Amino acid sequence: AQSVAQPEDQVNVAEGNPLTVKCTYSVSGNPYLFWYVQYPNRGLQFLLKYITGDNLVKGSYGFEAEFNKSQTSFHLKKPSALVSDSALYFCAVRDIHGSWGKLQFGAGTQVVVTP
Amino acid sequence: SAVISQKPSRDICQRGTSLTIQCQVDSQVTMMFWYRQQPGQSLTLIATANQGSEATYESGFVIDKFPISRPNLTFSTLTVSNMSPEDSSIYLCSVEGVGNTIYFGEGSWLTVV
């Protein structure tokens, strides 16, 4: 069975400071990993994904994530946070050996960026 | 990226009634997925909808409560039947786009009173 953990319910950061949102996963095979962002009263927007290749993945809005197989982690990072980055962030894993297309989501991390 | 349109975007419904949510994609896709996001919660997959076959439901979800249609490769509907306040959620349609990326619609925000 696949699972995803986001250990922090909320992350608070000052504008201009680095932002990190943590995610760890568990799958039986090779993972497909995704990050999504949900702004208030909106659906999910795709940020980035790891399928294969370079462990450092760059995505939308200046975000990046590092795949670490030994630590089974896929933390989301942004070097300099903006107030507009305040939103709910979801990590998700797709087990390529399981139900194709099924994403298992983490509980979500609320990011609050203060001016 | 795939452009996904959902209707209605929001609705307030009376308990005991049913509501059908539509999902339209701007390109042909093999599989479409329906997720539910209850208030303050994460997303849970309801079912996978394949064109030409019955939908595959996840544990805890049944066809009588959430019937799904998939008449062609760009369209699907999800019906929430005999609604109760516990069905108040965001219902999201998603598809697999280019490069194995899963894209989501804006969601249908349902309140049952």
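As the structure is a computational prediction, the values presented were derived from the model and not from experiment. (Residues numbered from 1 in each chain as written. Chains lettered and ligands numbered in written order. Predicted model: local features only at pLDDT ≥ 70, side-chain atom pairs only at ≥ 80, totals over all residues. Heavy atoms only, no water.)

When helices and strands are tallied, chain B shows 0 helices and 11 strands. Within chain B, the proportion of its 113 residues that are buried is 52%. Looking at chain B alone, contacts between residues at least 24 apart form 52% of all its contacts between residues at least 6 apart. For chain B, the exposed surface amounts to about 5,200 Å²; the carbon and sulfur share of it is 49%. (Helix = DSSP H or I, 4+ residues; strand = E, 2+ residues; numbered from the N terminus. Buried < 20%, exposed > 50% of the residue type's maximum accessible area, 1.4 Å probe, protein only. Contact = heavy atoms within 4.5 Å. Areas by Shrake-Rupley, 256 points an atom, 1.4 Å probe, with all protein chains shown as cover.)

Residue and element names in this part refer to chain A. Relative to the assigned elements, glutamine 6 resides in the loop between β1 (3-5) and β2 (10-14). In this structure glutamine 6 comes out as buried when scored by relative accessible area, which is 7%. A distance of 3.2 Å separates a polar atom in the side chain of glutamine 6 from the backbone nitrogen of glycine 108. Excluding its chain neighbours within four sequence positions, the residues that come into contact with glutamine 6 are Val21, Lys22, Trp35, Tyr89, Phe90, Cys91, Gly106, Ala107, Gly108 and Thr109. (Polar contact = N/O pair within 3.5 Å; in protein donor to acceptor, adjacent residues only side chain to side chain.)

So, on to the pairing of strand β12 (residues 109-114) of chain A. Residue and element names in this part refer to chain A. Every second residue of β12 is oriented toward a common face, the buried set being Thr109, Val111 and Val113 and the non-buried set Gln110, Val112 and Thr114. With 5 bridges connecting them, β2 and β12 associate as parallel partners. Residue pairing in the sheet places asparagine 12 in a bridge with valine 112 of β12. (Pairing = 2+ DSSP bridges.)

Further remarks concern the pattern of salt bridges. Under the counting rule described, the total for this entry stands at 6 salt bridges over all chains. One salt bridge connects arginine 42 of chain A with glutamate 106 of chain B, and the closest N-O pair in it is separated by 2.9 Å. Within this pair, whereas arginine 42 of chain A is found in the loop between β5 (31-38) and β6 (44-50), its partner glutamate 106 of chain B is found in the loop between β10 (102-104) and β11 (108-112), the two belonging to separate chains. Of the charged contacts, one joins lysine 65 of chain B and aspartate 87 of chain B as a salt bridge, the two residues approaching to 2.6 Å between their closest N and O atoms. Of the two residues, lysine 65 of chain B sits in the loop between β6 (56-57) and β7 (68-72) while aspartate 87 of chain B sits in the loop between β8 (75-80) and β9 (89-96), which places them 22 residues apart along the sequence. A relative accessible area of 5% means that aspartate 87 of chain B is categorised as buried. (Salt bridge = Lys/Arg side-chain N within 4 Å of Asp/Glu carboxyl O.)

Let's shift gears to the interface of chain B and chain A. Across the contact, 23 residues belong to chain B and 21 residues belong to chain A. Buried surface at the junction of chain B and chain A, both sides included, amounts to about 1,800 Å², of which 51% is carbon and sulfur. When the buried surface of chain B facing chain A is broken down by residue, Asn100, Ile102 and Glu106 of chain B rank first, second and third, together holding 25% of it. For the pair chain B and chain A, the number of links is 3 salt bridges. Arginine 94 of chain A serves as the salt-bridge partner of glutamate 96 of chain B, at 3.1 Å between the closest nitrogen and oxygen. Inspection of the region where chain B meets chain A yields 11 residue pairs in polar contact (both at pLDDT 80 or more). Broken down by secondary-structure element, the contributors of at least two residues to the side of chain B that touches chain A are β4 (31-37), β5 (43-50), β9 and β10 of chain B. When grouped by side-chain class, the residues that make up the side of chain B that touches chain A number 12 nonpolar, 7 polar and 4 charged. (Buried area = accessible area lost by both parts, 1.4 Å probe. Nonpolar A, V, L, I, M, F, W, Y, C, P; charged D, E, K, R; others polar.)

All names here are of chain B. An order of β1-β3-β8-β7 is seen for the 4 strands of this open sheet, with the pairing classed as antiparallel. The sheet is open, and its two borders are formed by β1 (4-7) and β7, each paired with just one other strand. Pairwise comparison of adjacent strand axes, ignoring direction, gives a mean angle of 15° for this sheet. Taken together, the 3 bridges between β7 and β8 define a ladder with antiparallel strand orientation. (Axes fitted to C-alpha atoms, helices over the stretch in contact; angles between N-to-C directions.)

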